[in-house]
Amino acid sequence: MFNKELLNYLVCPTTRQPLIYDEANNRLISKEIGVAYLIKDGIPNLISSEAIKISDKELSK
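Summarised in this report is the structure supplied together with it. (Residues numbered from 1 in each chain as written. Predicted model: local features only at pLDDT ≥ 70, side-chain atom pairs only at ≥ 80, totals over all residues. Heavy atoms only, no water.)

With that out of the way, let us pick up the pairing of strand β3 (residues 35–40). In this sheet, β3 lies alongside strand β2 (residues 27–30) in antiparallel orientation, the contact comprising 4 bridges. Note that in β3 the partner of isoleucine 29 across the bridge is alanine 36. In the sheet, β3 pairs with strand β5 (residues 52–53) via 2 bridges, with the strands oriented antiparallel. Pairing of valine 35 across the sheet is with lysine 53, part of β5. Two strands pair when backbone bridges link them, and β3 and strand β4 (residues 43–44) are joined in this way by 2 bridges, in the antiparallel orientation. The residue of β4 that forms the bridge with isoleucine 39 is proline 44. (Pairing = 2+ DSSP bridges. Helix = DSSP H or I, 4+ residues; strand = E, 2+ residues; numbered from the N terminus.)

Have a look at this one:
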């Protein structure tokens, strides 16, 4: 399980902006560039090259 308290410290490695926790899909989202960083075993993978591009529809949720 992801510790939501980490959101106070984590930022997008590309934009340096805060990330949004998508609990339903267990990932962190950077709305500014439209990517998601997956979380595995409670640890977010914030490697930019491994981020997943997400659709505008997913961003608007």
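One pass over the structure, following the stated rule, counts 1 aromatic pair. Their ring planes at 40° and their centres at 4.8 Å tell us that phenylalanine 2 and tyrosine 21 sit as a pair that is tilted. One end of the pair, phenylalanine 2, is in the segment before β1 (20–22); the other, tyrosine 21, is in strand β1, with 19 residues separating them in the sequence. Like phenylalanine 2, the residue tyrosine 21 is buried in the burial classification. (Phe/Tyr/Trp six-rings, centres within 6.5 Å; stacked < 30°, edge-to-face > 60°. Buried < 20%, exposed > 50% of the residue type's maximum accessible area, 1.4 Å probe, protein only.)

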